[in-house]
Amino acid sequence: MIEKKAWAVNGYLALILMLALFVGGIALVVQENMVGIPLIILAIVLGTGILVVQPNKAYALVFFGNYLGTIREPGLWLCFPLAVRKGISLRVRNFNSKTLKVNDIEGNPVEIAAVVVFHVVDTAKAIFDVEKYEQFVEIQSETALRHVATRYAYDNFEGNGFSLRGNPEEVSSELMNELQQRLILAGVQVTEARLTHLAYATEIAGAMLQRQQASAILSARQIIVEGAVGMVQMAIERIEKDGVVTLDEERKAAMVNNLLVSIVSERAIQPVVNTGTVY
């Protein structure tokens, strides 16, 4: 089914015409002129075609099983008489999916949910091609969300590739594209699709939190060690350049050891004063 425009004329002019036919028919009947009866019947039949269309709403017209078209323009209209009208909203809607439990690409169970913003663009498809397009949107949204979630890991600890937590924009864009392909059958256009909830499942949340903490500590330690080595190297070069003291290899090693311990250590270092010699 493809939406098409239905025949319709200005409803105010139609009301004037129907009123004239009705009054004229009554006047003829009073004068015992039987021509007035068909005029009254015609006015009543035309009255069944009066349709009021609210803003952001449309009506599909069906006459004896045949789709005649859709009226989208708001206002008062005279459409095909005796046609069945199927109303449908054109407003933008939000759908919040349930919190789903799925396995990511690494097999870890995660909880995920999304919000989908959509509106109807083809009334014929939405009314006739699917049973209930609202339920169709809900089911297809959850199916697409599950499918997209299985393509990525929750978190990429190695820093290569996309992840659900690290690349929400890319994941949302892919979810929107896949959802649009699924909903085109129902005449629905997806305006936006974004993740609203993302977390590890309760059974592995504690273990994954420890892993994240360990990874963060390891990264921090790596930065601290790199900085400490640079500071020690700069200190030794400055001492030798200014001629403060002459250091042999053994004294350099001792100084490097002391400086690295004091810089890298998490706790405050208690200095030990050496009054003797290192030899």
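What counts, and where the lines are drawn
- Residues numbered from 1 in each chain as written.
- Predicted model: local features only at pLDDT ≥ 70, side-chain atom pairs only at ≥ 80, totals over all residues.
- Heavy atoms only, no water.
- Helix = DSSP H or I, 4+ residues; strand = E, 2+ residues; numbered from the N terminus.
- Buried < 20%, exposed > 50% of the residue type's maximum accessible area, 1.4 Å probe, protein only.
- Contact = heavy atoms within 4.5 Å.
- Areas by Shrake-Rupley, 256 points an atom, 1.4 Å probe, with all protein chains shown as cover.
- Phe/Tyr/Trp six-rings, centres within 6.5 Å; stacked < 30°, edge-to-face > 60°.
- Axes fitted to C-alpha atoms, helices over the stretch in contact; angles between N-to-C directions.
- Parallel < 35°, antiparallel > 145°, perpendicular 65-115°, else oblique.
- Left-handed = near helix turned anticlockwise from the far one by under 90°.
- Nonpolar A, V, L, I, M, F, W, Y, C, P; charged D, E, K, R; others polar.
- Core = buried A, V, L, I, M, F, W, Y, C linked by side-chain atoms within 4.5 Å.
- Expected span 1.5 Å × (residues − 1).
- Arc of directions from axis to C-beta.

Details of the overall build of the protein
- Scanning the protein from terminus to terminus reveals 7 helices and 10 strands.
- Looking at the protein as a whole, 33% of its 279 residues qualify as buried.
- Here the analysis covers contacts within the protein between residues at least 6 apart in sequence; of these, 67% occur between residues at least 24 apart.
- Surface accessibility of the protein: about 17200 Å² in total, with carbon and sulfur atoms responsible for 59%.

Some details on the packing of aromatic side chains
- Enumeration over the complete set of coordinates arrives at 4 aromatic pairs.
- Seen in terms of ring centroids, Phe63 and Phe64 are 4.5 Å apart; in terms of plane orientation they differ by 90°. Their pairing is edge-to-face.
- On the accessibility criterion, Phe63 (21% relative accessible area) is partly exposed.
- Each ring, one from Tyr154 and one from Tyr200, has its centre 3.9 Å from the other, and the planes form 40°; the classification is tilted. On the criterion of sequence distance, the pair formed by Tyr154 in the loop between α4 (133-149) and α5 (168-183) and Tyr200 in strand β10 (residues 188-200) is long-range, its members being 46 residues apart.
- You can call Tyr200 buried: its relative accessible area is 10%.
- The structure contains a cluster of three or more aromatic residues connected by ring pairs, namely Phe63, Phe64 and Phe80.

Side note on the packing of helix α1 (residues 11-30) against helix α2 (residues 36-47)
- Packing of α1 against α2 leaves a shortest axis separation of 7 Å and a crossing angle of 155°. It follows that α1 is roughly antiparallel to α2 by the angle criterion. Two packed elements cross with a definite hand, and for α1 against α2 that hand is left-handed. Contact residues: Met18, Leu21, Phe22, Gly25, Ile26, Leu28 and Val29 in α1; Gly36, Ile37, Leu39, Ile40, Leu42, Ala43, Leu46 and Gly47 in α2.
- Partitioned by chemical class, the residues of the contact of α1 with α2 number 12 nonpolar, 3 polar and no charged.

Let's talk about the nonpolar core
- Counting residues in hydrophobic clusters, the biggest one holds 37 residues, and the most contacted among them are Ile88, Phe118, Val120, Tyr133, Leu175, Leu183 and Val188.
- Counting residues per element, this core draws most heavily on α4, which supplies 7 residues.
- Setting aside chain neighbours within four positions, we find Leu183 in contact with Phe136, Val137, Gln140, Val188 and Val190.

What to know about α2
- Taking 1.5 Å as the rise per residue, α2 with 12 residues should run 16 Å; its terminal C-alpha atoms sit 17 Å apart, in good agreement.
- Here α2 has its buried residues at Gly36, Ile40, Ala43 and Leu46. Viewed along the axis of α2, the buried residues span an arc of 130°, placing them on a single side of the element.
- Looking at the packing, one finds that the buried side of α2 touches α1, β2 (50-53) and β5 (75-78).

Side note on α1
- Between its first and last C-alpha atoms α1 spans 28 Å; for 20 residues at 1.5 Å apiece the expected length is 28 Å, and the two agree.
- Listing the buried residues of α1 in full gives Gly11, Ala14, Met18, Leu21 and Gly25. For α1, the angular spread of the buried residues around the axis is 80°, confining them to a single face. Those residues of α1 that are exposed and angled more than 90 degrees off the buried face are Tyr12, Leu13, Ile16, Leu19 and Val30.

None of the figures reported here should be taken as evidence of function without further support.
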